[in-house]
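# Analysis of the macromolecular model
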Amino acid sequence: MLLAVDIGNTQTSLGVFDAPGPRSIWRLSTRTRATADELATQLSALLTGGALAPADITVACVCSVVPALARAWTGACAALGLPAPLCAAELVPADLGLTPEQCARTGADRLANALAARQGYGAPSVVVDFGTATNFDVIDEAGHFIGGPISAGLQLSADALAAKAARLVEVDLAAPSRIIATTTEDALRAGLVLGEAAKVDGLTTRIIEELGADPGAVPVVATGGLAPLVAPHARTITAIDPTLTLVGLYLLAERASKDAR
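Throughout what follows, the structure given in this document is the object of discussion. Owing to the predicted nature of the structure, the values given are computational and were not obtained by experimental measurement.

## Things to note about the pairing of strand 2 (residues 11-17)
When you tally the buried positions in strand 2, you get 6 out of 7 residues, the bulk of the element. As defined by bridge partners, strand 1 (residues 2-7) adjoins strand 2 across 6 bridges and the pair is classed as antiparallel. Following the sheet pairing, Leu2 is matched in strand 2 by Phe17. Where strand 1 folds back on strand 2, the antiparallel hairpin that results is connected by 3 residues. Where strand 2 meets strand 3 (residues 22-29), 7 bridges bridge the pair, whose relative direction is antiparallel. Within strand 3, the position partnered with Thr12 by the bridge is Leu28.

## A word on the nonpolar core
Here is a general trend for soluble globular proteins: nonpolar side chains tend to be buried in one another's company. If you look at the biggest cluster of nonpolar residues, it comprises 30 residues, and the most contacted ones within it are Phe17, Ala88, Leu111, Leu249 and Leu252. For this core, the secondary structure elements donating two or more residues are strand 1, strand 4 (59-64), helix 4 (108-121) and helix 8 (244-260). Of all the elements, helix 8 adds the most residues to this core, at 8 residues. Apart from the residues lying within four places of it in its own chain, the contact partners of Leu249 are Ala4, Val5, Asp6, Cys61, Cys63, Ala88 and Ala112. Among the nonpolar cores identified, the runner-up in size contains 24 residues, and Val16, Trp26, Leu46 and Ala60 belong to it.

## Focus on the sheet that holds strand 5 (residues 86-87)
Taking strand neighbours across the sheet as the criterion, the 5 strands line up as 3-2-1-4-5 in an open arrangement whose pairing is mixed. The open sheet is flanked by strand 3 and strand 5, the only strands paired with a single partner. With respect to the sheet, helix 2 (residues 67-79) is in contact with strand 1, strand 2 and strand 4, its orientation differing from that of strand 1 by roughly 155 degrees.

## Side note on helix 1 (residues 36-49)
With 14 residues, helix 1 extends 20 Å from end C-alpha to end C-alpha; this agrees with the ideal 20 Å at 1.5 Å per step. Contacts made by the buried residues of helix 1 are with strand 1, strand 2, strand 3 and helix 2. A positive phi of about 60 degrees marks Ala51, the residue just after helix 1.

## Quick word on the packing of helix 5 (residues 154-164) against helix 6 (residues 184-211)
Look at helix 5 against helix 6: their axes get within 10 Å of each other, and the N-to-C directions meet at 155 degrees. Classified by the angle between their axes, helix 5 and helix 6 sit roughly antiparallel to one another. The way helix 5 lies across helix 6 gives a crossing that is right-handed. Counting all contacts with helix 5, which are made through Leu154, Ser157, Ala158 and Leu161, the residues of helix 6 involved are Leu188, Leu192, Val193 and Glu196.

## With respect to the pattern of salt bridges
Tallied over the entire structure, the rule returns 7 salt bridges. Note that Arg255 and Asp95 form a salt bridge whose closest N and O atoms lie 3.2 Å from each other. Residue Arg255 is located in helix 8, and its partner Asp95 is located in the loop between strand 5 and helix 3 (100-104); the two are separated by 160 residues in the primary sequence. Two residues, Glu196 and Lys199, come together in a salt bridge whose shortest N-O distance is 3.0 Å. In this pair, Glu196 and Lys199 both sit in helix 6, 3 residues apart, roughly one turn of the helix. Residue classification places Glu196 among the buried positions, given a relative accessible area of 6%. Overall, the relative accessible area of 23% leaves Lys199 in the partly exposed class.

The rules we used
- Residues numbered from 1 in each chain as written.
- Predicted model: local features only at pLDDT ≥ 70, side-chain atom pairs only at ≥ 80, totals over all residues.
- Heavy atoms only, no water.
- Buried < 20%, exposed > 50% of the residue type's maximum accessible area, 1.4 Å probe, protein only.
- Helix = DSSP H or I, 4+ residues; strand = E, 2+ residues; numbered from the N terminus.
- Pairing = 2+ DSSP bridges.
- Core = buried A, V, L, I, M, F, W, Y, C linked by side-chain atoms within 4.5 Å.
- Contact = heavy atoms within 4.5 Å.
- Axes fitted to C-alpha atoms, helices over the stretch in contact; angles between N-to-C directions.
- Expected span 1.5 Å × (residues − 1).
- Parallel < 35°, antiparallel > 145°, perpendicular 65-115°, else oblique.
- Left-handed = near helix turned anticlockwise from the far one by under 90°.
- Salt bridge = Lys/Arg side-chain N within 4 Å of Asp/Glu carboxyl O.

Below, the structure written as C-alpha coordinates:
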(Lines give C-alpha, C1' and ligand atoms only; values in the text may rest on other atoms or scores of the structure.)
Protein backbone atom coordinates (compact mmCIF):
# COMPACT_ATOMS: atom_id res chain seq x y z
CA MET A 1 0.00 0.00 0.00
CA LEU A 2 1.04 3.58 -0.56
CA LEU A 3 0.92 6.40 1.98
CA ALA A 4 0.51 9.88 0.44
CA VAL A 5 1.07 12.96 2.62
CA ASP A 6 0.20 16.48 1.40
CA ILE A 7 1.56 19.05 3.85
CA GLY A 8 -0.01 22.47 3.44
CA ASN A 9 0.44 25.64 5.48
CA THR A 10 -2.91 25.16 7.22
CA GLN A 11 -3.88 21.52 6.80
CA THR A 12 -2.13 18.21 6.18
CA SER A 13 -3.96 15.53 4.21
CA LEU A 14 -3.01 11.86 4.33
CA GLY A 15 -4.27 8.96 2.28
CA VAL A 16 -3.55 5.24 2.11
CA PHE A 17 -3.99 3.66 -1.32
CA ASP A 18 -4.05 0.05 -2.43
CA ALA A 19 -5.50 1.08 -5.84
CA PRO A 20 -6.12 4.41 -7.62
CA GLY A 21 -8.96 5.03 -5.18
CA PRO A 22 -7.97 5.78 -1.56
CA ARG A 23 -8.70 3.25 1.17
CA SER A 24 -8.45 5.75 4.04
CA ILE A 25 -8.22 9.56 4.10
CA TRP A 26 -7.40 11.86 7.02
CA ARG A 27 -7.15 15.65 7.25
CA LEU A 28 -5.19 17.25 10.13
CA SER A 29 -4.28 20.76 11.22
CA THR A 30 -0.68 21.53 10.24
CA ARG A 31 1.54 22.15 13.25
CA THR A 32 4.76 23.67 12.00
CA ARG A 33 6.68 22.77 15.19
CA ALA A 34 5.57 19.13 15.28
CA THR A 35 8.43 16.70 15.90
CA ALA A 36 9.04 13.41 14.13
CA ASP A 37 8.10 11.51 17.30
CA GLU A 38 4.81 13.40 17.62
CA LEU A 39 3.94 12.77 13.99
CA ALA A 40 4.87 9.08 14.31
CA THR A 41 2.52 8.72 17.29
CA GLN A 42 -0.26 10.48 15.40
CA LEU A 43 0.25 8.46 12.23
CA SER A 44 0.35 5.17 14.16
CA ALA A 45 -2.99 6.03 15.78
CA LEU A 46 -4.54 6.90 12.41
CA LEU A 47 -3.36 3.66 10.85
CA THR A 48 -4.67 1.64 13.78
CA GLY A 49 -8.02 3.40 13.56
CA GLY A 50 -8.19 2.50 9.89
CA ALA A 51 -7.47 -1.17 10.59
CA LEU A 52 -3.99 -0.76 9.12
CA ALA A 53 -0.47 -1.36 10.40
CA PRO A 54 2.83 0.33 9.53
CA ALA A 55 3.94 -2.93 7.91
CA ASP A 56 1.10 -2.53 5.37
CA ILE A 57 2.81 0.56 3.90
CA THR A 58 5.30 -0.36 1.19
CA VAL A 59 5.69 3.08 -0.45
CA ALA A 60 5.36 6.61 0.94
CA CYS A 61 5.26 9.92 -0.91
CA VAL A 62 5.39 13.38 0.65
CA CYS A 63 4.49 16.74 -0.86
CA SER A 64 5.23 19.75 1.33
CA VAL A 65 5.25 23.54 1.27
CA VAL A 66 6.76 23.49 4.80
CA PRO A 67 10.35 22.18 4.49
CA ALA A 68 10.83 21.54 8.21
CA LEU A 69 7.75 19.34 8.30
CA ALA A 70 8.91 17.36 5.28
CA ARG A 71 11.97 16.41 7.32
CA ALA A 72 9.82 15.64 10.36
CA TRP A 73 7.55 13.34 8.33
CA THR A 74 10.62 11.56 6.97
CA GLY A 75 11.67 10.98 10.57
CA ALA A 76 8.16 9.82 11.49
CA CYS A 77 8.23 7.24 8.70
CA ALA A 78 11.62 6.00 9.89
CA ALA A 79 10.39 5.73 13.48
CA LEU A 80 7.53 3.46 12.36
CA GLY A 81 9.72 1.35 10.08
CA LEU A 82 8.11 2.71 6.91
CA PRO A 83 10.13 3.16 3.70
CA ALA A 84 11.86 6.52 3.30
CA PRO A 85 9.24 8.72 1.61
CA LEU A 86 9.63 9.79 -1.98
CA CYS A 87 9.70 13.55 -2.58
CA ALA A 88 6.85 14.46 -4.93
CA ALA A 89 8.76 17.43 -6.33
CA GLU A 90 11.36 15.04 -7.75
CA LEU A 91 8.84 12.72 -9.45
CA VAL A 92 7.15 15.00 -12.00
CA PRO A 93 6.69 13.16 -15.31
CA ALA A 94 8.03 14.68 -18.51
CA ASP A 95 4.65 14.46 -20.20
CA LEU A 96 3.35 17.36 -18.10
CA GLY A 97 5.37 19.55 -20.47
CA LEU A 98 7.68 21.19 -17.90
CA THR A 99 11.44 21.63 -17.86
CA PRO A 100 13.34 20.67 -14.67
CA GLU A 101 13.78 24.39 -13.94
CA GLN A 102 10.02 24.99 -14.21
CA CYS A 103 9.33 22.02 -11.95
CA ALA A 104 11.70 23.43 -9.34
CA ARG A 105 9.79 26.72 -9.30
CA THR A 106 6.32 25.13 -9.09
CA GLY A 107 4.65 23.67 -6.04
CA ALA A 108 4.54 19.89 -6.18
CA ASP A 109 0.92 19.98 -5.00
CA ARG A 110 -0.01 21.90 -8.17
CA LEU A 111 1.72 19.32 -10.34
CA ALA A 112 -0.01 16.48 -8.50
CA ASN A 113 -3.33 18.25 -9.07
CA ALA A 114 -2.59 18.58 -12.78
CA LEU A 115 -1.69 14.92 -13.16
CA ALA A 116 -4.77 13.69 -11.30
CA ALA A 117 -7.10 16.10 -13.12
CA ARG A 118 -5.75 15.10 -16.52
CA GLN A 119 -6.27 11.42 -15.77
CA GLY A 120 -9.64 11.79 -14.09
CA TYR A 121 -11.25 14.67 -16.01
CA GLY A 122 -9.33 15.01 -19.27
CA ALA A 123 -7.68 17.94 -21.01
CA PRO A 124 -8.11 20.84 -21.07
CA SER A 125 -9.23 21.22 -17.47
CA VAL A 126 -8.84 23.60 -14.54
CA VAL A 127 -8.27 22.77 -10.87
CA VAL A 128 -9.22 25.27 -8.17
CA ASP A 129 -7.43 24.33 -4.96
CA PHE A 130 -8.90 26.04 -1.89
CA GLY A 131 -6.17 26.17 0.75
CA THR A 132 -4.25 28.93 2.52
CA ALA A 133 -3.98 30.32 -1.00
CA THR A 134 -6.51 29.65 -3.73
CA ASN A 135 -4.55 28.14 -6.63
CA PHE A 136 -5.79 27.75 -10.20
CA ASP A 137 -3.96 24.90 -11.95
CA VAL A 138 -4.50 24.87 -15.72
CA ILE A 139 -4.04 21.87 -18.03
CA ASP A 140 -4.11 22.71 -21.74
CA GLU A 141 -5.51 20.67 -24.61
CA ALA A 142 -2.21 18.80 -25.00
CA GLY A 143 -2.38 17.66 -21.37
CA HIS A 144 0.41 19.99 -20.22
CA PHE A 145 0.38 21.97 -16.99
CA ILE A 146 0.74 25.61 -18.06
CA GLY A 147 0.41 27.47 -14.77
CA GLY A 148 -2.43 29.60 -13.44
CA PRO A 149 -3.08 32.42 -10.96
CA ILE A 150 -2.65 32.27 -7.20
CA SER A 151 -4.72 34.45 -4.86
CA ALA A 152 -5.22 34.84 -1.11
CA GLY A 153 -7.36 32.03 0.28
CA LEU A 154 -10.67 32.43 2.04
CA GLN A 155 -9.44 31.85 5.59
CA LEU A 156 -6.45 34.13 5.01
CA SER A 157 -8.78 36.90 3.84
CA ALA A 158 -11.06 36.39 6.84
CA ASP A 159 -8.13 36.50 9.26
CA ALA A 160 -6.77 39.66 7.64
CA LEU A 161 -10.12 41.44 7.93
CA ALA A 162 -10.50 40.51 11.58
CA ALA A 163 -6.93 41.58 12.37
CA LYS A 164 -6.83 44.85 10.44
CA ALA A 165 -10.37 46.26 10.72
CA ALA A 166 -11.13 47.26 14.32
CA ARG A 167 -14.91 47.46 13.82
CA LEU A 168 -15.23 44.09 12.08
CA VAL A 169 -15.71 40.92 14.07
CA GLU A 170 -14.39 37.43 13.43
CA VAL A 171 -17.16 35.23 12.04
CA ASP A 172 -17.60 31.57 11.29
CA LEU A 173 -17.27 30.91 7.59
CA ALA A 174 -20.65 30.02 6.13
CA ALA A 175 -22.60 31.33 3.18
CA PRO A 176 -25.53 33.62 4.07
CA SER A 177 -28.91 33.15 2.41
CA ARG A 178 -28.68 36.52 0.62
CA ILE A 179 -25.87 38.57 -0.90
CA ILE A 180 -27.55 41.78 0.35
CA ALA A 181 -26.88 41.14 4.02
CA THR A 182 -28.60 43.03 6.84
CA THR A 183 -26.14 42.34 9.69
CA THR A 184 -22.41 42.93 9.91
CA GLU A 185 -21.81 39.21 10.45
CA ASP A 186 -23.77 38.18 7.36
CA ALA A 187 -22.22 41.01 5.37
CA LEU A 188 -18.80 39.58 6.17
CA ARG A 189 -19.93 36.07 5.26
CA ALA A 190 -21.37 37.32 1.98
CA GLY A 191 -18.22 39.20 1.09
CA LEU A 192 -15.92 36.38 2.09
CA VAL A 193 -17.69 33.21 0.94
CA LEU A 194 -19.79 34.52 -1.95
CA GLY A 195 -16.99 36.92 -2.87
CA GLU A 196 -14.57 33.99 -3.09
CA ALA A 197 -17.04 32.15 -5.32
CA ALA A 198 -17.39 35.21 -7.56
CA LYS A 199 -13.60 35.52 -7.77
CA VAL A 200 -13.37 31.88 -8.82
CA ASP A 201 -16.00 32.41 -11.51
CA GLY A 202 -14.30 35.55 -12.83
CA LEU A 203 -10.80 34.06 -12.99
CA THR A 204 -11.99 30.73 -14.36
CA THR A 205 -13.94 32.46 -17.12
CA ARG A 206 -10.84 34.41 -18.13
CA ILE A 207 -8.68 31.27 -18.02
CA ILE A 208 -11.02 29.40 -20.34
CA GLU A 209 -11.18 32.39 -22.69
CA GLU A 210 -7.38 32.52 -22.78
CA LEU A 211 -7.28 28.81 -23.57
CA GLY A 212 -9.58 29.48 -26.51
CA ALA A 213 -11.79 26.61 -25.37
CA ASP A 214 -15.54 26.07 -25.27
CA PRO A 215 -16.56 26.87 -21.65
CA GLY A 216 -18.97 23.95 -21.59
CA ALA A 217 -16.23 21.52 -22.55
CA VAL A 218 -13.69 22.39 -19.81
CA PRO A 219 -14.09 20.59 -16.47
CA VAL A 220 -13.41 22.87 -13.50
CA VAL A 221 -12.55 20.76 -10.45
CA ALA A 222 -12.55 22.09 -6.89
CA THR A 223 -10.31 20.54 -4.25
CA GLY A 224 -8.76 21.54 -0.93
CA GLY A 225 -10.16 21.87 2.58
CA LEU A 226 -12.50 24.79 1.85
CA ALA A 227 -13.83 23.46 -1.46
CA PRO A 228 -17.10 22.12 0.03
CA LEU A 229 -17.84 25.56 1.47
CA VAL A 230 -17.17 27.69 -1.61
CA ALA A 231 -17.66 25.43 -4.64
CA PRO A 232 -21.46 25.08 -4.37
CA HIS A 233 -21.73 28.85 -4.81
CA ALA A 234 -19.38 29.09 -7.81
CA ARG A 235 -21.20 28.75 -11.12
CA THR A 236 -18.17 27.58 -13.07
CA ILE A 237 -17.23 24.64 -10.80
CA THR A 238 -18.29 21.34 -12.36
CA ALA A 239 -16.95 18.87 -9.77
CA ILE A 240 -15.73 18.72 -6.17
CA ASP A 241 -12.92 16.21 -5.62
CA PRO A 242 -11.45 16.44 -2.09
CA THR A 243 -8.90 13.67 -2.73
CA LEU A 244 -7.50 15.05 -6.00
CA THR A 245 -4.06 16.06 -4.69
CA LEU A 246 -3.58 12.77 -2.86
CA VAL A 247 -4.57 10.85 -5.98
CA GLY A 248 -1.97 12.89 -7.88
CA LEU A 249 0.69 11.92 -5.33
CA TYR A 250 -0.34 8.28 -5.71
CA LEU A 251 0.03 8.55 -9.50
CA LEU A 252 3.45 10.21 -9.19
CA ALA A 253 4.73 7.54 -6.80
CA GLU A 254 3.22 4.72 -8.86
CA ARG A 255 5.02 5.95 -11.98
CA ALA A 256 8.30 6.28 -10.08
CA SER A 257 7.95 2.75 -8.70
CA LYS A 258 7.31 1.33 -12.18
CA ASP A 259 10.27 3.24 -13.64
CA ALA A 260 12.54 1.84 -10.91
CA ARG A 261 11.66 -1.78 -11.71
